[in-house]
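# Chain and residue survey
One letter stands for each residue in the lines below.
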Amino acid sequence: MTPAEFSRCLLEWYRRTHRRLPWRETRDPYAILVSETMLQQTQVKTVLPYFQRWLARYPTVKSLAAAPDADVLKAWEGLGYYRRARLLHAAAKCIVTEFNGEFPKSTEDISSLPGVGPYTLGAVASIAFNLAMPVVDGNVMRVLTRWFGIRENATRAETRKQLWDLAQSLIPEGCAGDFNQALMELGATVCVPHRPFCLLCPVRTGCWAFAHNAQEELPRVAPRPATVKEFEYAGLVLRSGYVLLCQRKGGQRMERLWQFPSVTLKKPVEQWDKRWKETFGAFKTSERLATLNYSVTNHRIRLEFFAMRDFTRRKARGTEWMSFASVRDLAFTAAHRKLADRFVEKPPAAAEDQAKDG
Ligand code: SF4
C-alpha cells in the first residue's frame, strides 16, 4: 500500500463508519474551535454535554465575547485545564475587536487568535474551511509512527517536524477536513494505545508495526514526569448563612477558581492545623467530614476536609464570606465542588455557626 492508497482507504473508511458527533454536523468555525479546545486532553464522552450546554449558552462568538469572566469559568467548571476557557474567551473577544465579529478565514488570521497553536489552527482551518492544513495530536502521532515505522523519540523536535510534514503530505486534494478527522478517528477508535484492533484496521496492509508485531513499542516518547504526592487540608467554616471561601491566585494552577480555605503539604503531618491557623485563623476544635483522593496532571492529592469550630478569622488575602445561595453560581475546582454540594447547603452539626472575624 502506498501513502496515497493509505489516504484513500482511510478516507473511505471514515466516510463509511465515523461516529456521529455534534461538532461533525457543522462547519461553523466557532463551534469547531469550541469543540477542538474542549477535546484537548479530554475524552469525547466528557466533552459531549459540555459542548451542547456551551453552544446553548454562548451560541455565537459575540455572545461569548460579551460574557463576564466568572460566567465563562462557571460554564467550564468540571472540565479541567481552565486555561483553555480563558483562551477561548480571549479568542472570542479578539474576533469581535480585530475582525468585527466575523470569524477569520485565512490561516494567518486564525493563527493570530489567542490559544490557537498549530493543532487548533489545523483543525479549524481544515474542518471549517477545508484548507489543506495538517493536524498532529496524540492519536495522529500514534497512527503515523506505527504505520510508517518511525522509531525515533516522537517528542523530539526533529521527529515532530517529520510527523507534521508527513501529515501534510498525506492530505488528499480537496478533502483536508475529512482526512484529518479520519486520522484522528483511527487513532481514537482502532489504533488505540494498547492492544490496537489491527484486524479491523482499514490500512493494515502496509502498516510497519503490524508487519513487525511492534504496535506496543510505538510511538516512542519521553518518560512521563514522576508522580508528586500532596496532602491537602481544607476547612468548612460557617457564619449566619455564609461560608468562608478562597479564590485561587493568578499564576497558580486552576487560577481564580473557588475552594474552601486549605493548605497543601508535601507530607502528611500531625501539625497541619498549625499551618492552617497561621494562614486563615484560629479554631478550637475540628472534626473530619470527608477524605477525597484526586489528581491534577502528575499530582496525586489526598484531601482531608474538616469542620472548624470556634473560629476566629485572620484577614487572610483571597478569603471571603460567601452566601450559601451564591455558592451554586461560583466556579469551583472539581474536588471542592463535590464538598460544596455535599456540605454547604445542609451543613453537618459539627460545622456549627461559631465563626467571627478577628
Ligand atoms: S494495523 Fe494496527 S498498528 Fe497499524 S495503523 Fe492499523 S491499528 Fe494501527
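Predicted, not measured: the structure shown is a model, and the values here were computed from it.

This paragraph deals with the domain arrangement of the protein chain. The assigned domain composition of the protein chain is domain 1 (3-217) and domain 2 (228-357). The centre of domain 1, based on its C-alpha atoms, is set 37 Å off from the matching centre of domain 2. On the domain 2 side, the residues contacting the seven residues of domain 1 number eleven residues. Across the domain 1/domain 2 interface, buried area totals approximately 790 Å², and carbon plus sulfur atoms make up 55% of it. At the junction of domain 1 and domain 2, the tally comes to two salt bridges.

Turning our eyes to something else, we now look at the nonpolar core. Among the nonpolar cores identified, the biggest contains 105 residues, and W54, L236 and F260 are the most heavily contacted of them. Residues from two domains meet in this core; each of domain 1 (3-217) and domain 2 (228-357) gives at least three. Ignoring sequence-local partners within four residues, the contact set of W54 consists of Y30, V34, M38, L64, V72, A75, W76 and L88. Residues L265, W272, F283 and W321 belong to the second largest nonpolar core, which totals 16 residues.

Before going further, it helps to spend a moment on the confidence of the model for the protein chain. Per-chain confidence: the protein chain averages 93 in pLDDT, with 99% of residues scoring 70 or above. Confidence scores differ between elements of the protein chain, with strand β11 (residues 355-357) showing the lowest mean pLDDT of 69 and helix α4 (residues 61-66) the highest of 98.

Right, let's talk about the site of the ligand for a bit. In the vicinity of the ligand, the residues found are R146, V190, C191, C198, C201, R204, C207, F210 and Q215. Here the shell around the ligand is composed, by residue class, of six nonpolar, one polar and two charged.

Let us now look at the environment of V61. If you trace the backbone, V61 turns up in helix α4. Take V61: its relative accessible area is 7%, and that puts it in the buried class. In the structure, V61 is positioned 41 residues away from E102 in sequence and 8.3 Å away in space, judged by C-alpha atoms. Ignoring any residue separated from it by four or fewer positions in sequence, one finds V61 in contact with Y30, A92, I95, V96 and F103.

Taken residue by residue, helix α5 (residues 69-76) has V72, L73, K74, A75 and W76 as its buried positions. Contact partners of the buried residues in α5: α2 (29-39), α3 (44-57), α4, α6 (83-98) and α15 (334-343). Looking one or two residues beyond α5, the residue adopting positive phi is G78, at roughly 95 degrees.

With that settled, the discussion passes to the sheet that holds strand β5 (residues 262-265). The mixed open sheet is built from four strands, whose spatial order is β5-β1-β8-β7. Edge positions in the sheet fall to β5 and β7 (285-296), since each of these pairs with one other strand and no more. In this sheet, neighbouring strand axes are inclined to one another by 20 degrees on average, regardless of whether the strands run parallel or antiparallel. In this structure, strand β1 (residues 228-236) lies alongside strand β8 (residues 299-309), joined through nine bridges in parallel fashion. The residue bridging Y233 from the neighbouring strand is E304, located in β8. Taken strand by strand, helix α13 (residues 272-280) contacts β1, β5, β7 and β8, and its axis lies near 135 degrees from that of β5. On top of the sheet, α15 reaches β1, β5, β7 and β8; it is set at about 140 degrees to β7, its chief contact.

A large share of β8 lies buried, amounting to eight of its eleven residues. For β7 and β8, the ladder comprises eleven bridges, and the chain directions are antiparallel. Pairing of V296 across the sheet is with H299, part of β8. As consecutive antiparallel partners, β7 and β8 are separated by two residues, and within that stretch T297 has a phi angle of approximately 45 degrees, a positive value.

We now examine the side chain of R142. Assignment of secondary structure puts R142 in helix α9 (residues 138-148). The side chain of R142 sits in the buried core without any salt bridge; D137 is the nearest counter-charge, 7.4 Å away. Other than its neighbours up to four places away in sequence, R142 contacts G187, A188, C191, V192, P193, L218 and P219.

Before going further, it helps to spend a moment on the side chain of E185. For E185, the position within the fold is in helix α11 (residues 176-189). Apart from the residues lying within four places of it in its own chain, the contact partners of E185 are W13, Y14, H18, R19, R24 and V190.

Mapped onto the secondary structure, N298 falls in the loop between β7 and β8. Placed 72 residues apart in sequence, N298 and A226 show a C-alpha to C-alpha distance of 6.9 Å. Those residues in contact with N298, other than ones at most four positions away along the chain, are P225, A226, T227 and V228. A distance of 2.8 Å separates the side chain of N298 from the backbone oxygen of A226, its partner in a polar contact.

What counts, and at which threshold
- Counting restarts for each chain, with residues numbered from 1 along the sequence as it is written.
- Totals for whole chains, interfaces and linings use all residues, but because this is a predicted model, local features are given only for residues with pLDDT of at least 70 and pairs of side-chain atoms are given and counted only at 80 or more.
- Just so you know, side-chain values use all the structure's heavy atoms and leave hydrogens and water out.
- The start and end points of each domain follow an automatic or database-based domain assignment.
- Two residues form a contact once any of their heavy atoms are found within 4.5 Å.
- Note on definitions: buried area is the accessible-area loss of two parts on being combined, 1.4 Å probe, summed for both.
- Between Lys or Arg on one side and Asp or Glu on the other, a salt bridge is scored when a side-chain nitrogen of the former is within 4 Å of a carboxyl oxygen of the latter.
- Within this scheme, the nonpolar core is defined by two criteria: the residues are buried Ala, Val, Leu, Ile, Met, Phe, Trp, Tyr or Cys, and they are joined through side-chain atoms within 4.5 Å.
- Using a 1.4 Å probe on the protein chains alone, a residue whose accessible area is under 20% of its type maximum counts as buried, one over 50% counts as exposed, and one in between counts as partly exposed.
- What pLDDT conveys is the predictor's confidence in a given residue, as a value from 0 to 100.
- In DSSP terms, a helix is any run of H or I states spanning at least four residues, a strand is any run of E spanning at least two, and both are numbered starting from the N terminus.
- Being near a molecule or strand, for a residue, comes down to having at least one heavy atom within 4 Å of it.
- Charged means Asp, Glu, Lys or Arg here, nonpolar means Ala, Val, Leu, Ile, Met, Phe, Trp, Tyr, Cys or Pro, and polar covers whatever is left, Gly included.
- When DSSP locates at least two bridges between a pair of strands, those strands are taken to pair.
- For helices, the axis comes from a line fit to the C-alpha atoms of the stretch in contact; other axes are also lines fit to C-alpha atoms, and the angle between any two N-to-C directions lies between 0 and 180 degrees.
- We score Asp and Glu as negative and Lys and Arg as positive, and we do not count His or the chain ends.
- Under this definition, polar contacts are N or O atom pairs within 3.5 Å; protein pairs additionally need one hydrogen-donor-capable and one acceptor-capable atom, and for neighbouring residues in sequence, both atoms have to be side-chain atoms.

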